[in-house]
Amino acid sequence: MVDLLGILAAEGAEAGAEGAEHAAAAANWFAQHAWLIPLLPFASGAMTLFFGKRTPGEGAVYGIAGVGASFVLSLGVLLSFAQGGGAYEGTIEWFSIGPLHLELGILVDGLTAAMVVVVTSVSFMVHVYSLGYMRGDVRFTWFYTVLSLFTGAMLVVVVSNNVLQLLVGWEIMGVCSYLLIGHWFEEPVNSNAAIKAFLTTRIGDVPMTFGFFALIAATGFATTNIVETQEAIASGEVTTSFVAVAALMLFGGTIGKSAQFPLHVWLPDAMAGPTPVSALIHAATMVAAGVYLVGRLFEVFVAADPVVLTIVAIVATITMLGAAVLAIVQDDIKRVLAYSTLSQLAYMVAGLGMGEEGFTAGFFHLFTHAFFKALLFLCAGAVIHAVHSNYMSDMGGLRTKMPITFWTMVIGSLALAGIFPFAGFWSKDELLVVARDTNTTWLLVAFLVTAAITAFYTTRMVLLTFFGTYQGHAEPHEAPLSMTGPLVLLAASTSLVGFLGAPQLGAVFGQWVHIGQPHEAVFQPVMAAAGLAVALFGIGVGWVMYRERRVTDPLETRLGPAWGVLQNRYYIDDLYMAAVVRPIRDQVSSATYWTNQNVLDGLVNGAALVARASSRLIIWIDRNLIDGTANGLAQITGTSGGLLKYLQSGNVQWYAVALFTGVIVLAALFIR
Amino acid sequence: MIRLPLVLVFSALLFSAGVYGVLARRNAVMVLMAIELMLNAVNVNLVGFSAQLRDVGPQVFTLFVIAVAAAEVGIGLALVILLFRNRASINVDEVNLLKW
């Protein structure tokens, strides 16, 4: 941590020195100090970890302060950018391997500016909201530590100017996601969900890492810098097929992190985590990192074969429709929102899949979606907090008991359904316009169908939760101020952020976030009317079917056998379980268990046996040879002494006899 | 003049008697007296050779032997008296405590 502080401080100093040469438009103070934005949450995470338990309020104050400060800085960055500050890049040398120079650095352009605002604002709201939601939790301080750490990691991804730094932040996010999904790890379901999320995203991360290697290779192993890499690829020095393969591998990371088909299975299970986590990580920010990755390296996708972007769009379309249909049949309110998230993320990916024209529209949807989906999740959290159940079959009639939650959730739902004038309307409208302009009719159809389904399940969710009669057992009550406050603020944002992309108001968002020339947003009354019409159609159907609460879901009878397929999520999870998890778990793990038991333990036991045998031998030698020699000598001496002692008879005359005998013998010898 | 071989034979006989007395007698006084016999056998030898070789040296030595023998008998008899006082016996077989 100290090193990091030092590095970043040095970076700041150097950034100041380089500022002049970098930007003709003279990037101002906020952009130059954008490195503070990820650093502050990291610092607050460390503070919470080390001092949290000793601080009044168990340390939540550090996270709120750190992320709040980051939010202010992010707003500064966005404002400076909106005033024409221009892009800014500041780097310091990290280390070199041969010709490859690795840097630490920040890249602040319109995309970054918009993303940091999204991440810090939602994170700030979630930090405040968790005060109420997580009150009295066993690991309250730890929760705040990881929440701050996650926010910092996401911001590292967003501001980094090279792929290596991006990868570091990306992986820290993965770990934090794992920790937070498994926050209540006492329940096996939760820890299994955490493991599932971690391993599933990892399957996408591996090709992504190789994609990064491919990009570095494309620059001739000279740099990891994103801008330079994209320039190298755009200049056409690398073959198109190579770039295409690299782009597809990078898209693997997106499929994993943004939960696109076929790696979408982890996200609904990730709802096992606390609801604020679901709002922050699994709806608004981390899952958007996959989309951001494509956007950040968009030149690579554009330079590659057009078929790459088509594949991207196809994957998105499958996810969009498949997930939306699944959201219809869910009883768990968080799972409705989870499948909705999958579907909406696919909207963004599909937007990017339409090429440069869809870039701004895709990111505008990311921008608006972050606000209204965070709002919806936090509302769901407030409801769950009140009724102590995730299931809509336990809810109903909460309209009067929780008025603030009800109204904010209605705003969020209208935004999700795409109703004028809320955020979702503007971003979906822009996507529809782009789809029409680029003549991708199939995407246009998919967008409209998904929009209708979205409106339908959103209506179903609101009706089942807030209308009819209360079905649960707990005593519902309005959430505390720390929870309703963020709800109201997010509802206000949801109502307003859509106008940032409104063509009638100049569509300022398109001036911030664009590829090449700023995107000209155009308002096409036909498309707006079509979008509104399908949304209202969906709402109408939902209203008719769920206006009166019934014991069995009316869809269950109408869908027939399809209901079972949907309840089982198209059996994809079961397929993975049978095809991947069980073989690995049963075969590989039993093989490793066998190896462990027989080979490794055999080695250990064998070594022990050898040691025992040799020590027995040594003991035998010690006892018998060495001790035997010593004892034998003593015994010989003792025995011989015992025998010889009888010569010492005490009878002097015998001595004299011996003396004379000796004399005679000597005399005989001498005389001879 | 008596011939030397006769003297030596006599001396040898005398010495043998002394040896026998020292080795075989049980009475401590008799043992002391047997030692005297052996000493005097030596004296006879010395005197015999003195006459044969016309040399007075051995005779002087003989006188020394007689003097020393007198002293020796004094000490010896004193030991016998102490022995008798302690053990009420002067049998040398019974004086065998200095052993293993």
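Here the structure is a predicted model, which is why all the values come from computation and not from measurement.

J.: How should I be thinking about the overall build of chain B in this particular structure?
T.: Looking only at helices and strands, chain B has 3 helices and 0 strands in total. Ordering the α and β elements of chain B from the N terminus gives α-α-α. Taking 100 residues into account, the globule formula puts the C-alpha radius of gyration at 13 Å, and chain B, at 17 Å, lies well above it. Across its three principal axes, chain B shows a C-alpha extent of roughly 50 × 25 × 25 Å. Burial analysis of chain B (100 residues in total) assigns 27% to the buried set. Partitioning the contacts of chain B with sequence separation of at least 6, the portion at a separation of at least 24 is 55%. As presented, chain B carries roughly 6,800 Å² of accessible surface, and 73% of it is formed by carbon and sulfur atoms. A distance of 5 Å separates the average location of the 7 positive side-chain charges in chain B from that of its 5 negative side-chain charges.

J.: Looking at this structure, I do not really get the overall build of chain A. What am I missing?
T.: The helix and strand tally for chain A stands at 28 helices and 2 strands. The C-alpha radius of gyration computed for chain A amounts to 37 Å, which surpasses the reference 26 Å derived for 672 residues by more than 25%, pointing to a less compact arrangement than a globule. Taking the principal axes of its C-alpha atoms as reference, chain A extends roughly 155 × 70 × 50 Å. Buried residues in chain A amount to 55% of all 672 residues.

J.: How should I be thinking about the environment of Ala34 of chain A in this particular structure?
T.: Secondary-structure assignment places Ala34 of chain A in the loop between α2 (29-32) and α3 (36-51). Those residues in contact with Ala34 of chain A that sit more than four places away from it in its chain are Ile106 and Val108 of chain A.

J.: How should I be thinking about the layout of surface pockets in this particular structure?
T.: One water molecule sets the probe size; rolling that probe over the atoms shows where empty space is left. Residues and elements named next belong to chain A. Taken as a whole, the largest pocket spans an internal volume of roughly 1,300 Å³. The wall of the largest pocket is formed by 42 residues, among which Val189, Asn192, Ala193, Lys196 and Asp269 lie closest to the centre. The set of elements that each furnish at least two residues to the lining of the largest pocket consists of α8 (188-218), α16 (333-353), α17 (356-387) and α27 (572-644). Tallying contributions element by element places α8 first for the lining of the largest pocket, with 9 residues. Here the residues of the lining of the largest pocket are counted per class, giving 21 nonpolar, 8 polar and 13 charged.

J.: Sorry, what's going on with the interface of chain A and chain B here?
T.: Where interface size is given, it is often the accessible area lost as the parts come together that is meant. Contacts between the two partners involve 11 residues from chain A and, on the opposite side, 16 residues from chain B. Roughly 970 Å² is buried in total at the junction of chain A and chain B, and carbon and sulfur atoms are behind 62% of that figure. Considering only the surface of chain A that becomes buried against chain B, Gly650, Gln653 and Phe660 of chain A emerge as the three largest contributors, covering 51% of it. Between the two partners, chain A and chain B, sit 0 salt bridges. Counted by class, the side of chain A that touches chain B contains 5 nonpolar, 5 polar and 1 charged residues.

J.: When you look at empty space enclosed by the protein in this model, what are you seeing that I'm missing?
T.: Residues and elements named next belong to chain A. Under the counting rule described, the total for this entry stands at 5 cavities of 30 Å³ or more. By volume, the largest cavity is sized at about 110 Å³. As for the largest cavity, its lining consists of 14 residues, of which Lys428, Asp429, Leu432, Ala451 and Gly531 are closest to the centre. When its residues are assigned to classes, the lining of the largest cavity shows 10 nonpolar, 2 polar and 2 charged.

J.: Explanation requested: the packing of α16 of chain A against α17 of chain A in the structure shown.
T.: Residues and elements named next belong to chain A. One can describe the packing of α16 onto α17 by two numbers: an axis separation of 8 Å at closest approach and a directional angle of 175°. Our classification of the angle between α16 and α17 gives roughly antiparallel. Of α17, the residues touching α16 (which contributes Ile333, Lys334, Leu337, Ala338, Ser340, Thr341, Gln344, Tyr347, Met348, Gly351 and Leu352) are Gly358, Phe359, Gly362, Phe363, His365, Leu366, His369, Lys373, Leu376, Phe377, Ala380 and Ile384.

J.: I would appreciate a short explanation of the pattern of salt bridges in the present structure.
T.: For side chains of opposite charge, pairing can occur when their charged atoms come near one another. Summed over all chains, the structure comprises 10 salt bridges over all chains. For the salt bridge of Asp269 of chain A with Arg335 of chain A, the shortest nitrogen-to-oxygen distance reads 3.4 Å. Here Asp269 of chain A, found in helix α11 (residues 266-269), pairs with Arg335 of chain A, found in helix α16; they are 66 residues apart in sequence, far enough to count as distant. Given a relative accessible area of 19%, Arg335 of chain A falls into the buried group. Note that Arg26 of chain B is salt-bridged to Asp93 of chain B, the shortest N-O span being 2.5 Å. Residue Arg26 of chain B is located in the loop between α1 (4-24) and α2 (28-53), and its partner Asp93 of chain B is located in the segment after α3 (57-87); the two are separated by 67 residues in the primary sequence. Look at Asp93 of chain B and you get partly exposed, because its relative accessible area is 25%. Three or more residues joined by partner-sharing salt bridges are found here, namely Lys196, Asp269, Arg335, Arg569 and Asp573 of chain A.

J.: How should I be thinking about the pairing of strand β2 (residues 100-108) of chain A in this particular structure?
T.: Successive side chains on a regular strand alternate, one facing one side of the sheet and the next facing the other. All names here are of chain A. In terms of burial, β2 is a largely internal element, 8 of the 9 residues being buried. Sheet topology note: the strand β1 (residues 88-97)/β2 ladder contains 9 bridges and is antiparallel. Bridge assignment links Glu93 to a residue of β2, and that residue is Glu103. Linking two consecutive strands that pair antiparallel, namely β1 and β2, is a turn of 2 residues; a positive phi of about 60° is found at Gly98 within it.

J.: Help me out: how do you make sense of the packing of helix α7 (residues 163-181) of chain A against α8 of chain A in this one?
T.: Packed helices, taken two at a time, are described by their axes: the angle between them and the distance between them. All names here are of chain A. Contact geometry of α7 with α8 gives a least axis separation of 9 Å together with a crossing angle of 175°. Considering their axes alone, α7 and α8 lie roughly antiparallel with respect to each other. In the contact of α7 with α8, the residues fall into 16 nonpolar, 3 polar and 3 charged.

J.: Explanation requested: the side chain of Thr484 of chain A in the structure shown.
T.: Residues and elements named next belong to chain A. Looking at the element boundaries, Thr484 is found in helix α22 (residues 481-496). By relative accessible area, Thr484 is classed as buried at 5%. Excluding residues within four positions of it along the chain, Thr484 makes contact with Ile404, Glu478 and Ala479.

J.: What's the story with the packing of aromatic side chains in this structure? I'm lost.
T.: Pairs of aromatic rings are described using the distance from one ring centre to the other and the angle between the two planes. Residues and elements named next belong to chain A. Scanning the model with the defined rule gives 23 aromatic pairs over all chains in all. Relative to Tyr144, the ring of Phe140 has its centre 5.1 Å away and its plane inclined at 50°; by these criteria the two rings are tilted. Here Phe140 pairs with Tyr144, and both are found in helix α6 (residues 140-159), just 4 residues apart, close to one helical turn. An angle of 75° between the planes, with centres 5.5 Å apart, marks the rings of Phe367 and Phe371 as edge-to-face. Note that Phe367 and Phe371 are positioned in helix α17 at a spacing of 4 residues, about one turn of the helix. Phe367 sits in the buried class, given a relative accessible area of 3%. An aromatic cluster is present here, built from Phe364, Phe367, Phe371, Phe509 and Trp512 joined pairwise through their rings. Looking at Arg202, its charged tip hangs above the ring of Phe198, at a distance of 5.4 Å from the centre.

Reading the values: the criteria
Residues numbered from 1 in each chain as written. Chains lettered and ligands numbered in written order. Predicted model: local features only at pLDDT ≥ 70, side-chain atom pairs only at ≥ 80, totals over all residues. Heavy atoms only, no water. Helix = DSSP H or I, 4+ residues; strand = E, 2+ residues; numbered from the N terminus. Rg over C-alpha atoms; globule rule 2.2 N^0.38 Å. Buried < 20%, exposed > 50% of the residue type's maximum accessible area, 1.4 Å probe, protein only. Contact = heavy atoms within 4.5 Å. Areas by Shrake-Rupley, 256 points an atom, 1.4 Å probe, with all protein chains shown as cover. Lys, Arg positive; Asp, Glu negative; His and termini not counted. Charge placed at Lys NZ, Arg CZ, Asp CG, Glu CD. 1 Å grid on protein atoms, 1.4 Å probe; cavity = no way out; pocket = protein on both sides within 12 Å on 5 of 7 lines; lining within 4 Å. Points joined across faces, edges and corners; volume = space filled by probe spheres on them. Nonpolar A, V, L, I, M, F, W, Y, C, P; charged D, E, K, R; others polar. Buried area = accessible area lost by both parts, 1.4 Å probe. Salt bridge = Lys/Arg side-chain N within 4 Å of Asp/Glu carboxyl O. Axes fitted to C-alpha atoms, helices over the stretch in contact; angles between N-to-C directions. Parallel < 35°, antiparallel > 145°, perpendicular 65-115°, else oblique. Pairing = 2+ DSSP bridges. Phe/Tyr/Trp six-rings, centres within 6.5 Å; stacked < 30°, edge-to-face > 60°. Lys NZ or Arg CZ within 6 Å of the ring centre and 35° of its normal.

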